[in-house]
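Here are the chains, one letter per residue:
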Amino acid sequence: MRLKSSAVLKSLSGALSRNVGAASFVRFVALTLAAAFITATSVGTAQADPKYAGIVIDAKTGKVLYGEDPDGLRYPASLTKMMTLYLTFEALNTGRISLDSKVPVSANAAKEPPSKLGVRAGGSITVEQAILALVTRSANDMATALGEYLGGSEDRFARMMTAKARALGMTRTTYRNANGLPNTAQMTTARDQARLGIALRQHYPQYYGYFSTRTFNFGKQVIGNHNRLVGTVRGVDGIKTGYTRAAGSNLATSAQLDGRSIVAVVLGGRSSAARDATMRKLVATYLPQASRGGNSNLIAQTRSAPVEEPVAVAAAVPSVAVAATAAGLPNSGPVPQTRYEEAPVTAFAGSSSNAAVKAMEAATWQKGKDPINQAPVAPDRKLITNSTKVDNIVTASTVPSVSSAPSVSARAEVAQGGWVIQIGASPDENSARGLLQSAQEKGGAALRSAKPFTVAFSKDGSQIYRARFGGFDGQNAAVNACNALKKKGVSCWASLQ
């Protein structure tokens, strides 16, 4: 009986051991599968958010290593400032501005909501300070100031940004401001932002180091970088964070380690902490998978399409077709002294050593137009305008009489220089004069001493007439007159001619 009991005990003991072993094995398998699942769905919580989109690109080969709705439209928030900085670097690269150039801060820039640097209207900062304010604090006021400095107005600068996006192959991105503050028409995709991140690193390595700035001293302020991955994740060297309620938490990140290189973008994170956690996982997972080979020259430096001025639609002359007007500013940077040249200017000559670059050039340059090389031009800061914003269309419904049209002598008198405001352009001089007459009637006291005139120029063999008022006593008088016109429903912008 004792032997039988012993045998039973041994049998129970063996069974128990086998069960314990099986249970341990099951637990091990379960944990292994869970870990694999977590790795495979490294952005699982983010993917549950309908705003979420993400992409990881091998920056040496262009291969997409990971994608989750990479072409879905999203709000860029402060990732917008990446393009603002791209155009700033472009202007620096061509010598049109320098790091020491003074950026005036307009009332429009000073009133932008936080995050901001807080420079008062009428003050100024250097270009380098503005760059540092964007990459650390993501300062909205300084982004607007840079946009006005480079583009003449923020609206015009936004059109320059969109034109540059198209030239870089960012086919689904549209910009409406320089800082990323909410605008329902300002949209992008994760793929487009990754492309811009690669372009920033590839085209401007001499300035790209700004993105890894940890702190920035401005006056008594010590400003830290909003990008918490810089300095905490091995290999990460930038690029930019962003957040608005509509956009969620966005992050574009560049990482280089052991000869491998990636650019990753996360859009629509539930919070900055969740966004950062997702990005950490993406970098840890996909940087080791990136190639050590490749030419690292994925995106051609191509010129933008012309940035057009607003075209006046003269309802009083229905028989005249409204033509597309010419560029008012050079496309690649601020050259105020050549503001009204009609030929688009490129800051870059495309490389001919790479087939992909040639393909990009063919896709982005206008047919029949060769790139125009231009030597660096030192900026004349006196000619930079902080003009009021530009609306796209000006409509006039008043039929002008020939007798009341502005005289040619008035045009000649003010055409030599000084502050002017422009209310539109038309392919017909009488229509342009009609716009001036209508605006003068609506402007009242604001235009009492202003002199109306037209400026003719040729575009692709066609004659276009700009409708302008001159004779203002400085910038403030011109801007105030323009603001008064806007209150009457007449769009305009101020400029130093």
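Draft legend 1. Structural detail: the confidence of the model for the chain. On average, residues of the chain score 74 in pLDDT, and 67% of them reach the 70 mark or higher. In the predicted structure, residues 35-43 sits below a pLDDT of 50 and forms six contacts with residues beyond four places in sequence or in another chain. Low confidence marks residues 310-416, where pLDDT is under 50. Its contacts with residues over four positions away, or in another chain, come to 265 contacts.

Draft legend 2. Broad picture of the packing of helix H3 (residues 80-93) against helix H7 (residues 154-167). Remark: H3 packs on H7, axes separated minimally by 10 Å, with the N-to-C direction vectors making an angle of 90 degrees. Of the possible angle classes, the one that applies to H3 and H7 is roughly perpendicular. Contacts between H3 and H7 involve Thr 80, Met 83, Thr 84, Tyr 86, Leu 87 and Glu 90 on the former and, on the latter, Phe 157, Met 160, Met 161, Lys 164 and Ala 165. Considered class by class, the residues forming the contact of H3 with H7 number seven nonpolar, two polar and two charged.

Draft legend 3. Geometry of the pairing of strand E9 (residues 260-269). Counting buried positions along E9 gives nine out of ten residues, so the element sits mostly inside the fold. Judged from the six bridges that link them, strand E1 (residues 53-58) and E9 form a sheet pairing that is antiparallel. In the strand pairing of E9, Ile 57 is matched with Val 263. In terms of strand pairing, strand E8 (residues 248-257) meets E9 through eight bridges, oriented antiparallel. From the neighbouring strand, Leu 257 faces E9, where its bridge partner is Arg 260.

Draft legend 4. Focus on the packing of aromatic side chains. Counting across every chain of the model gives seven aromatic pairs. Between Tyr 86 and Tyr 204, the aromatic rings sit 5.1 Å apart at their centres with planes inclined by 75 degrees, giving edge-to-face as the arrangement. With Tyr 86 in helix H3 and Tyr 204 in the loop between helix H8 (190-203) and helix H9 (205-208), the pair connects residues that are 118 residues apart, well separated along the chain. Taking relative accessible area as the criterion, Tyr 86 reaches 0% and is therefore assigned buried.

Draft legend 5. Fine view of the side chain of Asn 225. You can see Asn 225 is positioned in the loop between strand E6 (221-224) and strand E7 (236-244). Here the side chain of Asn 225 touches Thr 213 through a polar contact of 2.6 Å, landing on its backbone oxygen. Residue contacts for Asn 225: discarding those within four places in its chain leaves Val 135, Thr 136, Phe 211, Thr 213 and Arg 214.

Draft legend 6. How the structure looks around the sheet that holds strand E2 (residues 64-68). Taking strand neighbours across the sheet as the criterion, the five strands line up as E2-E1-E9-E8-E7 in an open arrangement whose pairing is antiparallel. One side of each edge strand has no neighbouring strand; the edge strands of this open sheet are E2 and E7. For this sheet, the mean inter-axis angle between neighbouring strands, taken without regard to orientation, is 5 degrees. Its contacts with the sheet place H8 against E1, E2, E7, E8 and E9, and it is angled at close to 140 degrees to E9.

Draft legend 7. Seen up close, the environment of Asn 476. With respect to the element layout, Asn 476 can be found in helix H14 (residues 475-487). The sequence separation of Asn 476 and Trp 419 amounts to 57 residues, and the corresponding C-alpha distance is 9.2 Å.

Draft legend 8. Representation of the state of the cysteines within the structure. Inspection of every chain in the model, using the stated rule, returns one disulfide. What pairs with Cys 482 in a disulfide is Cys 492, and their sulfur atoms sit 2.0 Å apart. Taking the sign of the S-S torsion, about 115 degrees here, the bridge from Cys 482 to Cys 492 comes out right-handed. Taken together, the positions of Cys 482 in helix H14 and Cys 492 in the loop between H14 and strand E15 (493-496) put the pair ten residues apart, joining distant regions of the chain. We note that Cys 482, like Cys 492, is buried.

Draft legend 9. Seen up close, helix H10 (residues 272-286). The end-to-end C-alpha distance of H10, which contains 15 residues, comes to 21 Å, matching closely the 21 Å that a straight helix rising 1.5 Å per residue would cover. Taken together, the buried positions of H10 are Arg 275, Asp 276, Thr 278, Met 279, Leu 282, Val 283, Thr 285 and Tyr 286.

Draft legend 10. Quick look at the packing of helix H6 (residues 140-151) against H7. At a minimum axis separation of 8 Å, H6 and H7 run at an interaxial angle of 80 degrees. Put simply, H6 runs roughly perpendicular to H7. When H6 is examined against H7, the residues Thr 144, Gly 147, Glu 148, Leu 150 and Gly 151 are found in contact with a partner set consisting of Glu 154, Arg 156, Phe 157 and Met 160. When its residues are assigned to classes, the contact of H6 with H7 shows three nonpolar, three polar and three charged.

Rules used in this analysis
Here, residues in each chain are numbered from 1, in the same order as that chain's written sequence. The predicted origin of the model limits local features to residues at a pLDDT of at least 70 and limits the giving and counting of side-chain atom pairs to 80 or more, whereas totals for whole chains, interfaces and linings rest on all residues. In computing side-chain values, all of the structure's heavy atoms are included and hydrogens and water are not. pLDDT is defined as a per-residue confidence score from the predictor, taking values between 0 and 100. A contact between two residues is defined here by any heavy atoms of the two lying within 4.5 Å. Axis definition: a line fitted to C-alpha atoms, over the contacting stretch in the case of helices. Angles run 0 to 180 degrees between N-to-C directions. Strands here mean DSSP runs of E at least two residues long; helices mean DSSP runs of H or I at least four residues long; both are numbered from the N terminus. By definition in this entry, angles of less than 35 degrees are roughly parallel, angles greater than 145 are roughly antiparallel, angles of 65 to 115 are roughly perpendicular, and the rest are oblique. Under the convention adopted here, Pro, Cys and the residues Ala, Val, Leu, Ile, Met, Phe, Trp and Tyr are nonpolar, Asp, Glu, Lys and Arg are charged, and Gly plus all remaining residues are polar. A simple rule labels every residue: compare its accessible area, found with a 1.4 Å probe on the protein chains alone, to the largest value its type can have, and call it buried under 20%, exposed over 50%, or partly exposed in between. In this analysis, strands are considered paired if DSSP registers two or more bridges between them. Ring pairs are drawn from Phe, Tyr and Trp, using the six-membered ring of Trp, whenever the two centres fall within 6.5 Å, and their geometry is named by plane angle: stacked under 30 degrees, edge-to-face over 60, tilted for the rest. Each polar contact in these results corresponds to two N or O atoms within 3.5 Å; when the atoms are within protein, one needs to be able to donate a hydrogen and the other to accept it, and residues that are neighboring in sequence are counted only if both atoms are side-chain atoms. The rule for a disulfide is simple: a pair of cysteine sulfur atoms within 2.5 Å. Here the expected length of a helix is defined as 1.5 Å per residue gap, with one fewer gap than residues.

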